[in-house]
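Survey of secondary and tertiary structure
This is what each chain is made of:
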Amino acid sequence: MAAHTSQSVAKAAGDDTDVARGRSRRTDSGKRAGNRGGLKRAFATHWYAWAMVAPVVLVLGIIIGWPLLRGIYLSLTDANERNVARTIGANHIDATYEFVGLDNYTAVLSDPVFLQRLVWTVVWTIACVSITFTLGLVLANMLNREFKGRAAYRMALILPWAVPGFVSVFAWRFLFNRDNGILNKVLEGGGISAIPWLDDPTWAKLSVITVNVWLGVPFMMVALLGGLQSIPGELYEAAEMDGATTWQRFRHITLPGLRSVSMSVILLSTIWTFNMFPVIFLLTRGGPGDSTEILVTQAFREAFVASPRDFAGSATWGVLILALLMIFALVYRRSLRKQGEVW
């Protein structure tokens, strides 16, 4: 009797398991069918939105997607000025470059020049972003208060952002001129010898950081000012009534209230500074020597300055820059998630 009962229980358990498996399979298939149906319904309901987005996606695919794929392909070849397809007069010469796999990446990563460029690019990026964020936060806090002439100060501080970047860089290049620059004239008037702003490696690095910070502070200030104005004033009033000092209000209300804005502007500023070609190229041309060359200017040099022009090498540098920025973005996103920020 006991054996018969145990067999019945086992059979019932097996039947329940089979039913559960069948229900699970039906549920999974139902979910897949539901997802497909949901996509169809979404497309049918919002077809106009898809139609309006499609041209933008197409343009981005042509402007960004195709050059990116082409660059990745060229980085796997030995393409240079001598073996690419070209037309000389009435004669057309076909391309003769060959696929070499990861040889270009091995050559670049094993070259000491890559490490030198990477170290200076990271130092340049960290210095520019940290100084820009600090100054932007200070100015945003100042302009967030009521005082006479605040609108005029805001316009004056936003002005560097409104001026085209190359105009600003050329103006700074004139200021930094060793013989006729205004800065050295002022120093000479005070009895201080002229400083080789763009002729000494250390001073040149400080100069490019200064110019990039000057260009980046307005954006950082405007973004952080918007974040400050979104923090409820009642929080400051309650903290002040509780006896909180200015530093305590800044630490426990302002900084947490600016966290989401700060994370976004720091990420954007990092990407922009990492790829900031105009400031380096127009101000120092990577000099003196190659002391201010960053990764992106090195990629430019490989494609347009070296002889013969190394298109494969330049594409390799470009792909490595993209990979580094993607790794940084992923690590940054993971750190935000750990802090409870959704991005």
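Provided above is the structure to which this section pertains.
**Focus: the packing of aromatic side chains**
For the structure shown, the criterion picks out 17 aromatic pairs. A ring pair is formed by Trp172 and Phe176, whose centres lie 5.4 Å apart and whose planes are at 35°; its orientation type is tilted. According to the relative accessible area criterion, Phe176 is buried, its value standing at 4%. Relative to Phe300, the ring of Phe277 has its centre 5.0 Å away and its plane inclined at 55°; by these criteria the two rings are tilted. Of this pair, Phe277 sits in helix α12 (residues 277-283) while Phe300 sits in helix α13 (residues 295-304), and the two are 23 residues apart along the sequence. Take Phe277: its relative accessible area is 21%, and that puts it in the partly exposed class. Residue classification places Phe300 among the partly exposed residues on the basis of a relative accessible area of 25%. Three or more aromatic residues joined by ring pairs make a cluster, and in this case those are Trp172, Phe176, Trp197, Trp203 and Trp214. Above the face of the Trp120 ring, Lys205 is positioned so that its terminal group lies 5.0 Å from the ring centre. The ring of Phe281 carries the charged tip of Arg285 above its face, separated from the ring centre by 4.4 Å.

**Details of a nonpolar patch on the surface**
Residues Val56, Leu58, Val59, Leu60, Ile62, Ile63 and Ile64 make up a contiguous nonpolar surface patch of about 670 Å² in total accessible area. Locating Leu60 in the fold gives a position in helix α2 (residues 47-74).

**A word on the pattern of salt bridges**
This model, assessed by the stated rule, comprises four salt bridges. For Arg309, the salt bridge identified is with Glu81, shortest N-O distance 3.7 Å. Of the two residues, Arg309 sits in the loop between α13 and α14 (311-338) while Glu81 sits in the loop between α2 and β1 (86-88), which places them 228 residues apart along the sequence. Taking the shortest distance from any N to any O, the salt bridge between Arg301 and Glu293 comes out at 2.3 Å. The exposure class assigned to Glu293 is buried, which follows from its relative accessible area of 2%.

**Quick word on the nonpolar core**
Within the largest apolar cluster, 52 residues are counted, with the highest numbers of intra-cluster contacts made by Trp124 and Val211. Residue assignment for this core shows that the elements contributing at least two residues are α3 (103-110), α4 (112-143), α6 (165-175), α8 (201-229), α11 (259-274), α12, α13 and α14. A total of 13 residues in this core trace back to one element, the largest contributor, which is α8. The residues contacting Val211, other than those within four sequence positions of it, are Val169, Trp172, Phe176, Val279 and Leu283. Counting six residues, the second largest nonpolar core, distinct from the first, contains Val84, Tyr97, Ala312 and Ala315.

**Describing α3**
Inspection of α3 places Asn104, Tyr105 and Val108 among the buried residues, and these make up the whole buried set. The buried residues of α3 occupy an angular sector of 95° when projected down its axis, which confines them to one face. Those residues of α3 that are exposed and angled more than 90 degrees off the buried face are Thr106 and Ser110. Buried-residue contacts for α3 involve α2, α4 and α14.

**Here's the deal with the side chain of Ser314**
Assignment of secondary structure puts Ser314 in helix α14. A polar side-chain atom of Ser314 sits 2.8 Å from the main-chain carbonyl oxygen of Ala299. Once residues within four sequence positions are removed from consideration, Ser314 is found in contact with Ala299, Glu302 and Ala303.

**Thoughts on the environment of Val100**
Note that Val100 resides in the loop between β2 (91-93) and α3. Between the C-alpha atom of Val100 and that of Leu76, which follows or precedes it by 24 residues, the distance is 5.6 Å.

Reading the values: rules and limits
Residues numbered from 1 in each chain as written. Predicted model: local features only at pLDDT ≥ 70, side-chain atom pairs only at ≥ 80, totals over all residues. Heavy atoms only, no water. Phe/Tyr/Trp six-rings, centres within 6.5 Å; stacked < 30°, edge-to-face > 60°. Buried < 20%, exposed > 50% of the residue type's maximum accessible area, 1.4 Å probe, protein only. Helix = DSSP H or I, 4+ residues; strand = E, 2+ residues; numbered from the N terminus. Lys NZ or Arg CZ within 6 Å of the ring centre and 35° of its normal. Patch = residues over 30% accessible without salt bridge, like charges linked within 9 Å, V, L, I, M, F, W, Y side chains within 5 Å. Areas by Shrake-Rupley, 256 points an atom, 1.4 Å probe, with all protein chains shown as cover. Salt bridge = Lys/Arg side-chain N within 4 Å of Asp/Glu carboxyl O. Core = buried A, V, L, I, M, F, W, Y, C linked by side-chain atoms within 4.5 Å. Contact = heavy atoms within 4.5 Å. Arc of directions from axis to C-beta. Polar contact = N/O pair within 3.5 Å; in protein donor to acceptor, adjacent residues only side chain to side chain.

As far as function goes, none of this settles anything; it's purely spatial.
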